[in-house]
Amino acid sequence: MKNRVIFIVKIIAAIAILFTSSYYWLHTVILHIGAGLRYGCLCLFRRGQKVSYREIRYGSEDFNNTDHADNNLANGFLGFLVLTLILILIAK
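All of the points below concern the structure found in this document. (Residues numbered from 1 in each chain as written. Predicted model: local features only at pLDDT ≥ 70, side-chain atom pairs only at ≥ 80, totals over all residues. Heavy atoms only, no water.)

Further remarks concern the overall build of the chain. Along its length, the chain carries four helices and zero strands. For the chain, the succession of helices and strands along the chain, N to C, is α-α-α-α. In the chain, which comprises 92 residues, the proportion classed as buried is 17%. Put simply, 47% of the contacts in the chain that link residues at least 6 apart link residues at least 24 apart. In the structure as shown, the chain presents an accessible area of about 7400 Å², 66% of it carried by carbon and sulfur atoms. (Helix = DSSP H or I, 4+ residues; strand = E, 2+ residues; numbered from the N terminus. Buried < 20%, exposed > 50% of the residue type's maximum accessible area, 1.4 Å probe, protein only. Contact = heavy atoms within 4.5 Å. Areas by Shrake-Rupley, 256 points an atom, 1.4 Å probe, with all protein chains shown as cover.)

Here's what the structure looks like:
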């Protein structure tokens with residue numbers, strides 16, 4: 001149990017370090033990977049509708065702060081999953 005708690009704390013600390021200003025480039029890469037994944041899926045599943053990468057990554061003009069936070073959370077989560085899978089495949 002103690003090892004699990006230590007592992008979870010290390011993961012949380014690593015995520016916090018990744019999103020600080022000194023690692024801003026990595027944060028941006030993760031957000032762009034997530035936005036690209038969302039864009040690709042939306043293009044596949046919504047063929048008749050207009051989908052733009054700019055709206056997915058940066059939001060539209062009528063977004064408020066909450067919408068931007070939700071958008072960044074979705075992009076960051078998907079990008080972090082992709083980055084995690086790549087690191088797991090490299091480790092094996």
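Don't stop here, the text continues.
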